[in-house]
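# Commentary on secondary and tertiary structure
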Amino acid sequence: AAMGALARFWRSTIGKKVVMAITGVVLVGFIIGHAMGNLLVLRGPEAFNAYAAFLKSNMNLLWTARAGLLLAVILHIVAAVQLTRRQRSARAVGYDQRNPQASTIASRTIGWGGALLALFIVYHVLHFTVGTAHPSFSHTDAYGNVIAGFGVWWVALLYVVAMVALGLHLYHGVWSSVRTLGLARPSYEPMKRRASLVIAAGVTVAFIAIVGAVALGIVR
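## As for the overall build of the protein
- Scanning the protein from N- to C-terminus turns up 9 helices and 0 strands.
- Starting at the N terminus and walking to the C terminus, you meet the elements of the protein as α-α-α-α-α-α-α-α-α.
- The buried share among the 220 residues of the protein stands at 32%.
- Sequence separation of 24 or more characterises 69% of the internal contacts of the protein that already satisfy a separation of 6 or more.
- Just so you have it, the protein exposes about 13800 Å², and 69% of that area is on carbon and sulfur atoms.

Below, the structure is given as structure tokens:
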């Protein structure tokens, strides 16, 4: 009975929106923590390598977290794709005329931005986790991996573009998640989206600062 109820919940539009919102919140929490941890690069090799060693000190916990994040990413993407298809189908047989509420660049680019981020996640894992896309990957020198990785200009540029896409995705996504979960009243005034703006801007600036500091030779 419980499985049947879950299946019905998943098949419903609101169910998919709630799944997108919850997985989005989980991923935002991870991204904020990831940004804060990576900022240790600016403090030098000892601080960053100690942080990396701490993460790897309990491999069971690390792999459990990775599995949870992977599941969250998959559910987030599947729900997003299925909701988009439903909206397109409804629009095709629905209204001849559309009267959109206030729109932002973030909301208009949420689809292709999400697709770009999905591809970037695959590259990022191959680049800094697996190491197959890295020019000189080391399993013990995480700091050296960052320096060598962002020392390649086109890689640094790719990361900057991806982080801008991440910022736009967070700006729209955090607000949408909060509204879906009933934590805020509906509002079409983008300037009132302060929490999502602070999170999106903070994360984007933090990641780009790391890439820029290495690419410009400030951190070496």
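## Focus on the environment of Leu-170
- As for its placement among the helices and strands, Leu-170 is situated in helix 8 (residues 153-180).
- According to the relative accessible area criterion, Leu-170 is buried, its value standing at 5%.
- Sequence-wise, Leu-170 and Gly-24 are 146 residues apart; in three dimensions their C-alpha atoms are separated by 8.9 Å.
- Every residue in contact with Leu-170, bar those within four places of it in the chain, is listed here: Val-28, Ile-31, Trp-175, Ser-196, Ala-200 and Val-203.

## Focus on the packing of helix 2 (residues 13-38) against helix 9 (residues 194-215)
- Two elements in contact, helix 2 and helix 9, have axes separated by 10 Å at closest approach and are oriented at 35°. Between helix 2 and helix 9 lies a crossing whose hand is left-handed. Where helix 2 approaches helix 9, its residues Val-28, Ile-31, Ile-32, His-34, Ala-35 and Asn-38 are matched on the opposing element by Ile-199, Val-203, Ala-206, Phe-207 and Ile-210.

## A short note on helix 8
- In a regular helix each residue adds 1.5 Å, so 28 residues correspond to 40 Å; helix 8 covers 40 Å between its end C-alpha atoms and thus fits that length.
- Looking one or two residues past helix 8, Gly-182 carries a phi angle of roughly 75°, positive in sign.

## Observations concerning the packing of aromatic side chains
- What the rule picks out here adds up to 6 aromatic pairs.
- Geometrically, the ring pair formed by Phe-128 and Tyr-159 is tilted, given 6.0 Å between the ring centres and 55° between the ring planes. Of the two residues, Phe-128 sits in helix 6 (residues 110-130) while Tyr-159 sits in helix 8, which places them 31 residues apart along the sequence. For the pair Phe-128 and Tyr-159, a shared accessibility class is recorded, and that class is buried.
- On the numbers, 4.8 Å between centres and 75° between planes, the contact of Phe-150 with Tyr-159 is edge-to-face.

## Describing the packing of helix 2 against helix 8
- For the pair helix 2 and helix 8, the least separation of the axes is 9 Å and the interaxial angle reads 130°. With respect to their mutual orientation, helix 2 and helix 8 come out oblique. Crossing handedness for the pair helix 2 and helix 8: left-handed. Only Leu-166, Leu-170, Val-174, Ser-177 and Thr-180 of helix 8 make contact with helix 2, whose side of the interface consists of Lys-17, Val-18, Met-20, Ala-21, Val-25, Val-28 and Ile-31.
- For the contact of helix 2 with helix 8, the per-class residue count stands at 9 nonpolar, 2 polar and 1 charged.

## A few points about the environment of Ser-138
- Residue position: Ser-138 is located in the loop between helix 6 and helix 7 (142-150).
- Distance from Ser-138 to Phe-128, taken between C-alpha atoms, is 9.4 Å for residues 10 residues apart in sequence.
- At a separation of 3.0 Å, a polar atom in the side chain of Ser-138 contacts the main-chain amide nitrogen of Asp-141.

Parameters and conventions
- Residues numbered from 1 in each chain as written.
- Predicted model: local features only at pLDDT ≥ 70, side-chain atom pairs only at ≥ 80, totals over all residues.
- Heavy atoms only, no water.
- Helix = DSSP H or I, 4+ residues; strand = E, 2+ residues; numbered from the N terminus.
- Buried < 20%, exposed > 50% of the residue type's maximum accessible area, 1.4 Å probe, protein only.
- Contact = heavy atoms within 4.5 Å.
- Areas by Shrake-Rupley, 256 points an atom, 1.4 Å probe, with all protein chains shown as cover.
- Axes fitted to C-alpha atoms, helices over the stretch in contact; angles between N-to-C directions.
- Left-handed = near helix turned anticlockwise from the far one by under 90°.
- Expected span 1.5 Å × (residues − 1).
- Phe/Tyr/Trp six-rings, centres within 6.5 Å; stacked < 30°, edge-to-face > 60°.
- Parallel < 35°, antiparallel > 145°, perpendicular 65-115°, else oblique.
- Nonpolar A, V, L, I, M, F, W, Y, C, P; charged D, E, K, R; others polar.
- Polar contact = N/O pair within 3.5 Å; in protein donor to acceptor, adjacent residues only side chain to side chain.

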